[in-house]
Each structure stands twice: as structure tokens, then as C-alpha cells.
Amino acid sequence: MLIRPNEIQKVANMFFNAVHEDEIELINQLYDALKANDIEKADKLLDELIVDVEDHFSTEEAMMKEADFFGYPMHKADHDNMRKELSKVHQEWKERKEPKRVTDFLENKLVPWLKLHVAQWDSVTAMHIGD
Ligand SMILES: [Fe+2]
Ligand SMILES: [Fe+2]
């Protein structure tokens, strides 16, 4: 396990919280598979995570647009930065299947980013959108 669900701030929208919880579970499963050197399982879980993150980001973006949230461009820009990093890691994984590259990314990039992003952007967005 890399991250506990309570390490991610709860926000004012239950749907956001549910999406974050599911994503944390997937990140942990992927992390454990990589640590166990289970390449086949990690490959499947990384593919799943890519789809899950895209779904997470695009749903939030659609909800922000719908609610006319003032911070939309900045919140989306932060998603876009992570989309780029993730797609680079995904590409490298497909070429080399190096677990350490992905565990480093999860430990040092994705998880710290997620904590900060939720505190900085999702919390304000959720307050604007409401329950
Ligand atoms: Fe989020
Ligand atoms: Fe977000």
C-alpha cells in the first residue's frame, strides 16, 4: 500500500470523494503489483489507471463547465500537466516494462500531486459545485 484513503482531503462533493477513493485503491493495487514484480498484472492495472484518471479528470472538467466555475482553466491546466506525465510514463512502461520507473513516479509524482491537487483545486471546485 502506498497511500491510505484518509491521506486525501475530503471535499464538499460526494461524487468527487468516491472517484478519489476508487483511484487510491487502484494506485495501491498497481503499486503492490509492481513491488511484487508481477509484470502482467501491473501492465493491466496501469492500463486501467490511465483510463480511470482520464475519466476522473474529464468528469470534473464537465462538471466545472456545467457549473460555470471561475477556476476552470487553471484546474484543467493542472490536469493537463498530469495527463502529459502519465502518458510519458505509460509509453516508457510499454517499451521497457521497468517497475522501478513506475513506482518512482507513483511515489514521487502522482501521489504528492494528487494530495496537493485535491487540496488546491478539487476542494474549491467541489465547494462551488456543491453536493
Ligand atoms: Fe479530483
Ligand atoms: Fe481535479
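Residues numbered from 1 in each chain as written. Chains lettered and ligands numbered in written order. Predicted model: local features only at pLDDT ≥ 70, side-chain atom pairs only at ≥ 80, totals over all residues. Heavy atoms only, no water.

Moving on, we come to the UniProt feature "domain: Hemerythrin-like" (unreviewed entry) in the chain. Taking the numbering used here, the UniProt-annotated feature "domain: Hemerythrin-like" (unreviewed entry) corresponds to residues 17–124. Summarising residues 17–124: 91% helix, 0% strand, and an end-to-end C-alpha distance of 13 Å. (UniProt positions renumbered as here; feature names shortened; annotations may be inferred. Helix = DSSP H or I, 4+ residues; strand = E, 2+ residues; numbered from the N terminus.)

Here the focus is the coordination of the iron ion (ligand 1). In the first shell of the iron ion (ligand 1), the protein supplies His20 (NE2), His56 (NE2), Glu60 (OE) and Asp122 (OD), at 1.9 to 2.2 Å from the metal. For the iron ion (ligand 1), the four donor atoms in the first shell make angles of 85 to 156 degrees at the metal, so the coordination geometry reads as irregular. In primary sequence terms, the donor set of the iron ion (ligand 1) follows H-x35-H-x3-E-x61-D. The metal-metal distance between the iron ion (ligand 1) and the iron ion (ligand 2) is 3.6 Å, with Glu60 coordinating both. One end of the pair, Glu60, is in helix H2 (residues 39–66); the other, Asp122, is in helix H4 (residues 99–129), and 62 residues separate them in sequence. With respect to class, Glu60 is no different from Asp122; both count as buried. (Donors = N, O, S within 2.8 Å, 3.2 Å for Na, K, Ca; no water. Tetrahedral: all angles 85-135°; square planar, octahedral: opposite > 155°, others 65-115°. Buried < 20%, exposed > 50% of the residue type's maximum accessible area, 1.4 Å probe, protein only.)

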